[in-house]
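Tertiary structure, described
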Amino acid sequence: MSALRNSVRTGFFGRAFAVLGAANAVSAAVEAGRRPRASDLTTLGIDPASFGQVSR
C-alpha cells in the first residue's frame, strides 16, 4: 500500500493538490496585503524575486 501512496504523492494527483494549495495560499496572502511565501510562488512557476515588481 505504501507504493500506491507514494505514487499518488509524487504523481499527477500529488502535483495537482500541491498547485491548488499553493494557489490558495498565494491568493489569501495577496488579499490580506501580505507577501506570499517563496515556495508557494515557485510551485506555481512564478519567480519570487520578480513578484514584488508586479503592479496592480
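Residues numbered from 1 in each chain as written. Predicted model: local features only at pLDDT ≥ 70, side-chain atom pairs only at ≥ 80, totals over all residues. Heavy atoms only, no water.

1. Some details on the overall build of the chain
Within the chain, the regular secondary structure consists of 4 helices and 0 strands. When the elements of the chain are put in sequence order from the N terminus, they spell out α-α-α-α. For the chain, with 56 residues in total, the buried portion stands at 14%. Considering only contacts in the chain between residues 6 or more positions apart, those separated by 24 or more positions represent 17%. As displayed, the chain has an accessible area near 4,400 Å², and 60% of this comes from carbon and sulfur atoms. (Helix = DSSP H or I, 4+ residues; strand = E, 2+ residues; numbered from the N terminus. Buried < 20%, exposed > 50% of the residue type's maximum accessible area, 1.4 Å probe, protein only. Contact = heavy atoms within 4.5 Å. Areas by Shrake-Rupley, 256 points an atom, 1.4 Å probe, with all protein chains shown as cover.)

2. As for the packing of aromatic side chains
One pass over the full model with this rule turns up 1 aromatic pair. Each ring, one from Phe-12 and one from Phe-13, has its centre 5.5 Å from the other, and the planes form 70°; the classification is edge-to-face. Assigned by exposure class, Phe-12 and Phe-13 land together as exposed. (Phe/Tyr/Trp six-rings, centres within 6.5 Å; stacked < 30°, edge-to-face > 60°.)

3. Some thoughts on the confidence of the model for the chain
For the chain, mean pLDDT is 87; residues scoring 70 or higher make up 82% of the total. Looking over the chain, one finds the lowest element-wise mean pLDDT in helix 1 (residues 2-10), namely 67, and the highest in helix 3 (residues 38-43), namely 96. (pLDDT = per-residue confidence, 0-100.)

4. Considerations on the environment of Arg-35
When you line up the elements, Arg-35 lands in the loop between helix 2 (12-31) and helix 3. Along the chain, Arg-35 and Phe-51 lie 16 residues apart, while their C-alpha atoms are 8.9 Å from each other. If near-sequence neighbours (up to four positions away) are discounted, Arg-35 is found in contact with Ala-29, Pro-48, Ala-49, Phe-51 and Gly-52. Only 2.5 Å separates the side chain of Arg-35 from the backbone oxygen of Pro-48, close enough to count as a polar contact. (Polar contact = N/O pair within 3.5 Å; in protein donor to acceptor, adjacent residues only side chain to side chain.)

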